[in-house]
Amino acid sequence: MTVHVHYFARLREELGRPGEETELPADDLTVGGLWQHLHHEAPPARLMAAVNQEQATLETPVHDGDEVAYFPPVTGG
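Each value, and the rule that gives it
- Every chain's residues receive numbers from 1 upward, in the order its sequence appears when written.
- Local features in a predicted model are, by the rule used here, given only for residues with pLDDT of at least 70; side-chain atom pairs are given and counted only at 80 or more, and totals for whole chains, interfaces and linings are based on all residues.
- Heavy atoms from the whole structure form the basis of all side-chain values; hydrogens and water molecules are not counted.
- Helix and strand definitions here come from DSSP, where helices need a minimum of 4 consecutive H or I residues and strands a minimum of 2 consecutive E residues; each element is numbered from the N-terminal end.
- Note on classification: 1.4 Å probe, protein chains only; a residue is buried when its accessible area is under 20% of the maximum for its type, exposed when over 50%, partly exposed between these limits.
- Contacts between residues were defined by any pair of non-hydrogen atoms, one from each residue, lying within 4.5 Å.
- Take a side-chain nitrogen of Lys or Arg and a carboxyl oxygen of Asp or Glu: if they are within 4 Å of each other, that pair is a salt bridge.
- Distance and chemistry together define a polar contact, namely a pair of N or O atoms within 3.5 Å, with one atom able to donate a hydrogen and the other to accept it when in protein, and with adjacent residues in sequence counting only for side-chain atoms on both sides.
- Two strands are counted as paired when DSSP detects at least two bridges linking them.
- For helices, the fitted axis covers only the stretch in contact; all axes are lines through C-alpha atoms, and the angles between them, taken along N-to-C directions, range from 0 to 180 degrees.

Inspection of the secondary structure puts Glu21 in strand β2 (residues 19-23). Looking at Glu21, the relative accessible area reads 56%, which means it is exposed. Sequence separation of Glu21 and Thr2 is 19 residues, and the distance between their C-alpha atoms is 7.0 Å. If sequence neighbours within four positions are ignored, Glu21 has contacts with Thr2, Val3 and His4.

Per the stated rule, a full pass over the model turns up 2 salt bridges. For Arg17, the salt bridge is made with Glu20, and the minimal N-O distance between the two is 3.1 Å. Given a relative accessible area of 25%, Glu20 falls into the partly exposed group.

A few words now on the environment of Glu67. Within the secondary structure, Glu67 is located in strand β7 (residues 67-71). Residues contacting Glu67, with those up to four places away along its chain left out, are His4, His6, Ala50, Val51, Asn52 and Gln53. In terms of polar contacts, Glu67 uses its side chain to reach the side chain of His6, at 3.2 Å.

The next thing to look at is the sheet that holds strand β4 (residues 48-51). Judged by pairing direction, the sheet is mixed, and its 5 strands sit side by side in the order β2-β1-β7-β4-β5 without closing on themselves. Both outer strands of the open sheet, β2 and β5 (54-56), are each paired with one neighbouring strand and no more. Across the sheet, the mean angle separating the axes of adjacent strands is 25° when strand polarity is ignored. Inspection of the sheet shows strand β1 (residues 2-7) paired to β7 by 4 bridges, in the parallel sense. Within the sheet, the bridge partner assigned to Val5 lies in β7 and is Val68. Helix α2 (residues 31-39) rests against β1, β2, β4, β5 and β7 of the sheet, and its axis sits at about 85° to β1.

Rendered as structure tokens:
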């Protein structure tokens, strides 16, 4: 399955890229599992995500062709 991944704000800077397109062997992956597959570590605490521009949790399923965006928590003032 193919998934389009985007990184925003501090994550984009830390990872040194705006995103990536990846081929995955499994089709029963979650947002958290995708992060772990791509970065070989557990997702950061308080990581926020969206799937196909809809707010998601780390347990949200990811399917072929999905667009997954990761971003740090947003604060305002």
